[in-house]
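# Geometric and topological summary
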Amino acid sequence: MLLGCRQTTSETVKVAEQVICRTIGTTEGIVLEEIPTVDGKDCYEIDAKEGKVSIKGSSPSAICYAFNKYLRYACGSMVTWGGANLDLPEVWPDWQESATSPYQFRYFLNVCTFGYTTPYWGWDRWSEELDWMALHGVNMPLASVASEAIARRVWVKLGLTEEEADAFFTGPAHLPWHRMGNLNAFDGPLDSEWHEDQIALQHKILDKMRSLGMEPVAPAFAGFVPPAFMAKHPEIKANQLTWGGFDLSCNACVLAPDSPYFQEIGKLFIQEWEAEFGDAKYYLSDSFNEMRLPVDKDDVAGKHSLLAQYGEAIYNSIAAGDPDAVWVTQGWTFGYQHDFWDKESLKALLSKVPDDKLIIVDLGNDYPKWVWHTEQTWKVQEGFYGKQWIYSYVPNFGGKVLPTGDLSMYATGSVEALNSPYSENLVGFGSAPEGLENNEVVYELLADMGWTAENIDLDQWLKQYCLSRYGYWDEGMQQVWKLLHESAYSSLYSYPRFTWQTVVPDQRRKSLHDINDDFGKATELFLSYADKCSDSQLYMNDAVEFAALYIAELADRHYEKALKKGRDAKKHVAKTVELLKVVDKLLATHPDYSLKLWIDYARSHGNDDAKKDVYEANAKRLITTWGGWQEDYAARFWSGLVGDYYIPRIQIYFSQGQEKLDAWEENWIKTPWNGAEQEYENPVETALEIIRQNK
């Protein structure tokens, strides 16, 4: 196929062509055209025949998604985070398809993604991600970068010094929890160098989002004020909040809703943001994420009155800066704290906000079934009482790698909402993972759910997934994915971790996963396809991942025996370590599961070694001790981390005791990592041999 990319005059077509060209290196034989939306909703048409591909779409993301669908279904190819399987045919195959999304918005990202995945990304990685979003049909992403640079300007205008403002901020990897009011100052401060870098980066991100026809969701003021500002204004009325087991000095104070500063500060936030980055329509503000207002539980009328005031204050503070703006808020806390957010309480919060000026992202529709054991929030809250809402999932917490996710739910759940009495104000569908670059099957499925009002036949979809990802399908591969679906991909857990990742069993946040013997059978069978699928990078990625996961589970079985501290404990510790060393070397061949990559991103932001060391320590802290009650929350399954963090922790615990761990962990975080990742020459062959030896 001839390489080369055309230039065209239509801006919509031009940017879609650029994404396609970056993806496959050519637009030869591909003709793109812009068409109108259908009742304000994106649509596309694919008509491929006689070696030519015609794709018509109503937006760049509609065109790009359509092309991605054509790649997968007609060409047996796939492009995703871990690389691509691009064995393109010499002649474009015939294919006809058209679709209209049932949603105005296809939402993506989570406030926490900007900590667990992207805090140290530079422009090259962000640009790749925006192409990924376009190819997966996203048109409404969060855009939180440089929030603190804008906030700093506001606080300086209000009388703080730059140093006082910067002292309010956490380290970069912990900024999501600062933005939601959970955490101040921890592992900070920030400085001018950081702010300037983030401003420049956000300009590039927003320019590309807008060129792709996406509606960025910008940050707004949520009511949280620095201690230095409160010290200068003793008349301020504020409510002290608590979160995460941190000292109150790291927790937030939120302005009382009747404070005149609420609207003044909120207006300045919007004005400063738009002066720097241009107009936005959608603004995110979350004032109560996982935190309770300090109200008397017996004073129901007082609680409702206060909530109504807060809802009005937040909306008015946004509208004061931009009267056309729409307030966006995450609905996570309404389900997470469902005992506090009963119907009347949520009605009170929403009561003084116009219906068309608020969008609630019903963030975690997978969580009620698997964790809260409640009805989904949109059902409990009756479609949010006329406010606009987005149906979403949170398939990943903390960037944990272990496979988890209810594929059957993902293939059907949103259709129930579309057919409900509350679909009139259902404006979007989305996924809000805290961590990217994992569980790719989940995100490929959710991308397709954003374009259908019907249930997806999972058996047929998985067949096509394998053909696109590996270039192969037969009864054996069908059995592999049947076993994977029935084990790891039939559930969702908050803490999918191995016990050796927490050293001792976590009694408060119990580690759960379904990497069981069925998963092991699937892995052995999958590895036997190496000769047939070796041309697919994505097959090799999955083979290494599945093998490493199952061997890590075999290690965990020995570790559980070692924890009983019987006469064979030493033997089981040794076997655990032996198997984990294999895991570390296997993961070194995976493109995403690398401590080195995480550290390299962090160090790239410092202009000297001292600053690079600070950023590295902050990045390592988030994925290890975290802070407060959060230790091992992010539990990454990465090469380098297994070998140089988890294995030594195990050895220290069994030789010197748990009391020695805290000091060792802190020293590991603060000492620049200079480990070397070693990999196997024939990882699949080696993995299969080790699994068979240790079953």
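I will try to describe carefully the structure that is included in this document.

Procedures and definitions
Residues numbered from 1 in each chain as written. Predicted model: local features only at pLDDT ≥ 70, side-chain atom pairs only at ≥ 80, totals over all residues. Heavy atoms only, no water. Helix = DSSP H or I, 4+ residues; strand = E, 2+ residues; numbered from the N terminus. Buried < 20%, exposed > 50% of the residue type's maximum accessible area, 1.4 Å probe, protein only. Phe/Tyr/Trp six-rings, centres within 6.5 Å; stacked < 30°, edge-to-face > 60°. Polar contact = N/O pair within 3.5 Å; in protein donor to acceptor, adjacent residues only side chain to side chain. Contact = heavy atoms within 4.5 Å. Pairing = 2+ DSSP bridges. Axes fitted to C-alpha atoms, helices over the stretch in contact; angles between N-to-C directions. Core = buried A, V, L, I, M, F, W, Y, C linked by side-chain atoms within 4.5 Å. Expected span 1.5 Å × (residues − 1).

## Concerning unusual backbone geometry
Here the bond from G188 into P189 is cis, since omega is 0°, no more than 30 degrees from zero. Looking at the element boundaries, P189 is found in the loop between α7 (175-179) and α8 (192-211). With a phi close to 90°, L109 is a non-glycine residue in the positive phi region. Position of L109 among the secondary structure elements: in the loop between β7 (105-108) and α3 (113-116). What makes L109 buried here is its relative accessible area of 0%.

## Structural notes on the packing of aromatic side chains
If you walk through the whole model with that rule in mind, you get 72 aromatic pairs. Ring geometry for W81 versus Y443: centroids 5.1 Å apart, planes at 65°, classification edge-to-face. A residue pair is termed long-range when its members are at least 10 positions apart, and W81 in the loop between β4 (78-80) and β5 (83-85) and Y443 in helix α18 (residues 440-449) qualify at 362 residues. Here W81 and Y443 have matching classes, each one buried.

## Details of the side chain of E274
Relative to the assigned elements, E274 resides in helix α10 (residues 260-277). Separated by 2.8 Å, the side chains of E274 and Y283 make a polar contact. Aside from chain neighbours lying at most four places away, what touches E274 is D279, A280, Y283 and D322.

## Let's talk about the sheet that holds strand β6 (residues 95-100)
Pairing between sheet strands relies on hydrogen bonds along the backbone, with the strands arranged either parallel or antiparallel. Taking strand neighbours across the sheet as the criterion, the four strands line up as β1-β3-β2-β6 in an open arrangement whose pairing is mixed. Lying at the two open borders of the sheet, with one neighbouring strand each, are β1 (30-34) and β6. Ignoring which end each strand starts from, the neighbouring axes of this sheet average 10° apart. Strand direction decides the pairing type here: β1 and strand β3 (residues 52-57), joined by five bridges, are parallel. Residue V31 lies in a different strand from β3, and its bridge partner there is S54. Against the sheet, helix α2 (residues 60-75) touches β1, β2 (43-49), β3 and β6, its axis set at about 40° to β2.

## As for the sheet that holds β7
Taken in spatial order, the eight strands make up an open sheet running β8-β7-β17-β15-β14-β13-β12-β9, and their pairing is parallel. The open sheet has two edge strands, β8 (140-141) and β9 (217-219), and neither has a second partner. Judged from the two bridges that link them, β7 and β8 form a sheet pairing that is parallel. Bridge pairing links F108 to P141 in β8.

## Regarding the nonpolar core
With 251 residues, the main nonpolar core has W155, I265, W481, W500 and F637 as its most contacted residues. In terms of residues, this core owes the most to one element, helix α23 (residues 537-563), which gives 16 residues. Those residues in contact with W500 that lie beyond four places of it in its chain are A552, A555, D556, Y559, L580, F637, V642, Y646 and I650.

## Focus: helix α20 (residues 475-486)
For α20, with twelve residues, the first-to-last C-alpha span of 16 Å sits near the 16 Å given by 1.5 Å per residue. G476, M477, V480, W481, L483, L484 and H485 are the residues of α20 that are buried. Looking at where α20 begins, the residue whose side-chain oxygen comes 3.0 Å from the main-chain nitrogen of G476 is D474.

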